[in-house]
Amino acid sequence: MADRTEGPILRLVDLFTVHQAAVPARLAAMSHSHSDRDDVVTRFAPSPSGDLHVGGARTALFCWAFARGRRGRFVLRIEDTDRKRSSDAAALGFQKALRWMGIDWDEGPMPDGSICGDHGPYMQSQRLAIYESHMERLLEADLAYHAFDTSEELDAKRTAARAEKKAYRYDRAGLAIPREERFSRAAAGESHVVRFRTPDAPITITDEVLGEATLPQGEVDDFVIRKADGFPTYHFAVVVDDALMNVSHVLRAQEHFNNTAKHIVLQAALGFEQPVYGHLSLIFNPDGSKMSKRDKDKAIRAAVKAASLETPPEGTITREAFDSWIGDKKSQLDHDALILMAEALDVTLPEINVADFERSGYLPEVLCNFLSLNGWSPGNDLEKFDNAFLAEHFDLTRVQKTPARFDRDKLLAFNLDAIQAMPEALFRERVRAHGMRFHPDFMSALTTEQFDLLADASRERSKTFDDLFKSNGWLLLADEALTWPISKPVRKAMLKGEVPGRILLEQASELLQGVEVFEGESLESTLTAWAEVHCEGNLGKIAQPLRIAVTGGPVSPPIFDTLAMLGKERCLARIKGCLAVMQDVANSA
Ligand code: GLU
């Protein structure tokens, strides 16, 4: 672990004293900032808009593991100062997603509405007075100043910079106003922002993952730390919170790397100790594109194009919504519209958010295992491990600098392996819980016995918990609602051959009528004996027509279980319906 008292902090302090001799270089170190910071404290600080994306989930997992492996503390802080984009529902969604992944936190809001920890509140929107007190310290010490530039003035300067092909930097126009005047105009309520007086010196960022980078002097201008609406900017709030919450290690997405320059100059000015930084690379799709929620729209757009659709599928979205979505390739459908379109077009939406993976029936422990391999590895070719192992072994030295590629096939293979390794009873229990949550209609249509039979019969073919529900819709259909699409395998099993399957099916139907105990074992012995005589011992010759007849298609759990789950009456009704359809097809051939 890097020594937090050495390195960039000292260098920055020097820079302040050398280059800003006219103003106090920094405020005195805050009394709390050393004594109680010996422990490792990490934090996950999501902005609660939308759902928890896999990238964010991996950040949270790494922060959690880093703290847990060092007997430190893990804080959840909700960065909701952008009031337009934030919602309490999203904040709760984040908490639930983390909990589902097996990630717990020592401080922060809890899903039951309670709050844990001594450094709260943990919602930034409730910490405005705290930010204000630190803002005042900077203003008083002339390390920050009120700036009254209008947006027109700033826009004109930006445009001028662009015309000269120069990067725009704030020109400190605000500082030309005498100090007293600034304070009195601000006190009189004139619209203004507060800008940080960035030291005139290069800024060096030291990062445990990416290494060191130095931004030349002038690269970071006098950035805004309090907006005109009185809210602190992200930069200011994050610095105050990390310090007051005693955060020792900031692990976060690489997109914040450049922001770190602003954070470390602010920390130095406020007298806060600098945490250790580690910036985590992005997660990409295998094709190198950024894994984003837009991928869902992309999948639907491709299906719309393939079907040459010019109007929305019935029962989905309005014509106007469809046209404007088609017209603007960057626009996104909302969650409900995406689901409706995906169902109508038979598209499987790519999972992007943690909640998507949960709905698709991935095991949380598998998702965590797999996510942690996206950007980290324990070495020795070890790939399968649980969160406890991760906590014990996670360190920053093995975190990759380059973007990870999210290999969905591998994730699915991991999930399949985990399901196959699961004891039967546990599979029943977990797949039932998944059904209760996501397929309540399916669950209420089956008795406990039927469901247990289905679970046992489906485990071997299940790559996810959802497979059972996706592939067994035939169980729920009313017998008269079942259809038998004539696909190639159906034609082969039913209509081809010396004795076509439909003829055998007719005979077997009579046999089934006489079966008293309609259960797996007795059905197996009856049908096997029958196949000896009528199918030259080839059970498949009757199993497949039976399967098609009772399920409508050529794939289902083992045939005896399939029959037993439906029960005698329903099997016979379905066979009758199927025979009539096959007769028609045979006649018209
Ligand atoms: N709230 C920021 C985000 O969601 C994270 C800030 C940080 O980790 O410093 O991107």
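We now turn to the structure provided with this report. (Residues numbered from 1 in each chain as written. Predicted model: local features only at pLDDT ≥ 70, side-chain atom pairs only at ≥ 80, totals over all residues. Heavy atoms only, no water.)

### As for the overall build of the protein chain
This is how it is decided: Secondary structure elements are taken from DSSP: a helix is a run of H or I of four residues or more, a strand is a run of E of two residues or more, and numbering for both begins at the N terminus. Exposed residues in this analysis have more than 50% of their type's maximum accessible area, buried residues have under 20%, and partly exposed residues fall in between, with area computed by a 1.4 Å probe over protein chains only. Whether two residues are in contact is decided by their heavy atoms, any of which lying within 4.5 Å being enough. Accessible surface is estimated by sampling points in the Shrake-Rupley manner with a 1.4 Å probe; for residues, cover comes only from the protein chains shown.
Of the regular secondary structure elements, the protein chain holds 26 helices and 13 strands. If one aligns the C-alpha atoms of the protein chain with their principal axes, the spans along those axes are about 105 × 55 × 40 Å. Counting the 589 residues in the protein chain, one finds 49% classified as buried. Long-range contacts, defined here as pairs at least 24 residues apart, represent 75% of the contacts in the protein chain between residues at least 6 apart. Total accessible area on the protein chain is roughly 27700 Å²; 52% of this is exposed by carbon and sulfur atoms.

### As for the packing of aromatic side chains
Worth spelling out the cut-off: In this analysis, rings of Phe, Tyr and Trp, with Trp reduced to its six-membered ring, are considered paired at centre separations within 6.5 Å, and the interplanar angle assigns stacked below 30 degrees, edge-to-face beyond 60, and tilted for intermediate values. Should the NZ of a Lys or the CZ of an Arg lie within 6 Å of a ring centre and within 35 degrees of the ring normal, that charge is described as sitting over the ring.
Applying the stated criterion across every chain, the model contains 14 aromatic pairs. Ring centres of Phe-196 and Phe-223 lie 5.5 Å apart, and the angle between their planes is 45°; on these two criteria the pair is classed as tilted. Of this pair, Phe-196 sits in strand β6 (residues 193–196) while Phe-223 is found in the loop between β8 (211–215) and β9 (224–226), placing the two residues 27 residues apart along the sequence. For the pair Phe-196 and Phe-223, a shared accessibility class is recorded, and that class is buried. Members of the aromatic cluster, each reached through a chain of ring pairs, are Phe-62, Phe-66, Trp-376, Phe-385, Phe-389 and Phe-394. Directly above the aromatic system of Phe-66 lies the positively charged group of Arg-70, at a separation of 3.8 Å from the ring centroid. The residue whose ring lies beneath Arg-301 is Trp-325, and the NZ or CZ to ring-centre distance is 4.3 Å.

### Re the pattern of salt bridges
As a reminder, the rule being used: What makes a salt bridge here is a side-chain nitrogen of Lys or Arg within 4 Å of a carboxyl oxygen of Asp or Glu, nothing more.
Under the criterion given, the structure shown has 35 salt bridges. One salt bridge in this structure joins Arg-408 and Glu-351, with 3.1 Å as the shortest N-O distance. Linking Arg-408 in helix α16 (residues 408–420) with Glu-351 in the loop between α12 (335–345) and α13 (354–359), this pair joins segments that are 57 residues apart in sequence. A single salt-bridge network, built from bridges that share partners, covers Arg-43, Arg-77, Glu-79, Arg-127, Asp-241 and Asp-242.

### Details of the side chain of Asn-374
Note on placement: Asn-374 falls in the loop between α14 (364–373) and α15 (387–393). For Asn-374, a relative accessible area of 3% gives the class buried. In this view, Asn-374 contacts Arg-58, Phe-62, Ile-283, Ala-404, Arg-405 and Phe-406; residues no more than four positions away in its chain are not counted.

### Quick word on the nonpolar core
Here is the rule we go by: We define the nonpolar core as a collection of buried residues of types Ala, Val, Leu, Ile, Met, Phe, Trp, Tyr and Cys that are connected through side-chain atoms lying within 4.5 Å of one another.
One finds Leu-371, Phe-394, Leu-512, Leu-546 and Leu-563 to be the most contacted residues of the largest nonpolar core, which totals 101 residues. When residues in this core are grouped by element, the largest group, 10 residues, is from helix α3 (residues 54–68). Not counting residues up to four positions away in its chain, the partners in contact with Leu-563 are Phe-518, Leu-523, Leu-527, Leu-546, Val-550 and Cys-571. In this structure, Ile-205, Ile-225, Ala-261 and Tyr-277 belong to the second largest nonpolar core, which totals 36 residues.

### As for the sheet that holds strand β5 (residues 144–147)
We count it as follows: Here, any two strands with at least 2 DSSP bridges between them count as paired. Here an axis means a line fitted to C-alpha atoms, over the contact stretch when the element is a helix, while the angle between two N-to-C directions is reported on a 0 to 180 degree scale.
Strand order across the open sheet formed by three strands is β5-β6-β9, with antiparallel pairing between neighbours. Only two strands of the sheet have a single partner each, and these edge strands are β5 and β9. Between one strand and the next, the sheet's axes are offset by a mean angle of 45°, whatever the strand orientation. Taken together, the two bridges between β6 and β9 define a ladder with antiparallel strand orientation. Within the sheet, the bridge partner assigned to Arg-195 lies in β9 and is Val-224.

### Quick notes on the site of the ligand
Condition: Whether a residue is near a molecule or strand is decided by its heavy atoms; if any one of them lies within 4 Å of it, the residue is near. As used in this structure description, the phrase polar contact means that two N or O atoms lie within 3.5 Å; if the pair is within protein, one of them must be able to donate a hydrogen and the other to accept it, and residues adjacent in sequence are counted only when both atoms belong to side chains. Detection works on a 1 Å grid of protein atoms alone, calling trapped sets that fit a 1.4 Å probe cavities and calling open sets with protein on both sides within 12 Å along at least five of seven lines pockets, with lining residues defined by an atom within 4 Å of a point. Occupancy of a cavity or pocket is assigned to a molecule whenever over half of its atoms lie within 2 Å of that pocket's grid points. Only Asp, Glu, Lys and Arg are considered charged in this grouping, and only Ala, Val, Leu, Ile, Met, Phe, Trp, Tyr, Cys and Pro are considered nonpolar; every other residue, Gly among them, is considered polar.
Neighbouring residues of the ligand: Arg-43, Ala-45, Pro-46, Ser-47, Glu-79, Tyr-234, Val-238, Arg-252 and His-256. Arg-43 places a side-chain nitrogen or oxygen 2.6 Å from an oxygen atom of the ligand. In this structure, Tyr-234 approaches the ligand through a side-chain N or O atom, which is 2.8 Å from an oxygen atom. For the ligand, whose free accessible area comes to 300 Å², the fraction covered by protein is 83%. Of all the cavities here, the one that holds the ligand is the largest pocket. Among the residues forming the shell around the ligand, the class breakdown is four nonpolar, two polar and three charged.

### Some words on the packing of helix α21 (residues 488–495) against helix α26 (residues 568–588)
In plain terms, the rule: Oblique is the label for every angle not falling under 35 degrees (roughly parallel), over 145 degrees (roughly antiparallel), or within 65 to 115 degrees (roughly perpendicular).
One can describe the packing of α21 onto α26 by two numbers: an axis separation of 11 Å at closest approach and a directional angle of 95°. The orientation of α21 with respect to α26, classified from their angle, is roughly perpendicular. Here α21 contributes Val-490, Met-494 and Leu-495 to the contact with α26, which in turn contributes Cys-578, Met-582, Val-585 and Ala-586. Here the contact of α21 with α26 is built from residues that sort into seven nonpolar, no polar and no charged.

### Section: the state of the cysteines
Under the convention used in this document: We call a pair of cysteine sulfur atoms a disulfide whenever their separation is within 2.5 Å.
The full count for this structure, using the stated rule, is zero disulfides. Cys-63 supplies the cysteine sulfur nearest to Cys-368, a cysteine that is in no disulfide, at a spacing of 13 Å. Cys-578 forms no disulfide, and the closest cysteine sulfur to it belongs to Cys-571, at a distance of 12 Å.

### Here we look at the pairing of strand β10 (residues 249–253)
What counts, and what does not: With its strands directed away from the observer, a crossover is right-handed exactly when the path from the first strand over the helix to the second travels clockwise.
For β10, the buried fraction is high: four of the five residues fall into the buried class. Between the parallel elements β10 and strand β11 (residues 276–280), the chain passes through helix α9 (residues 259–270) in a crossover that is right-handed.

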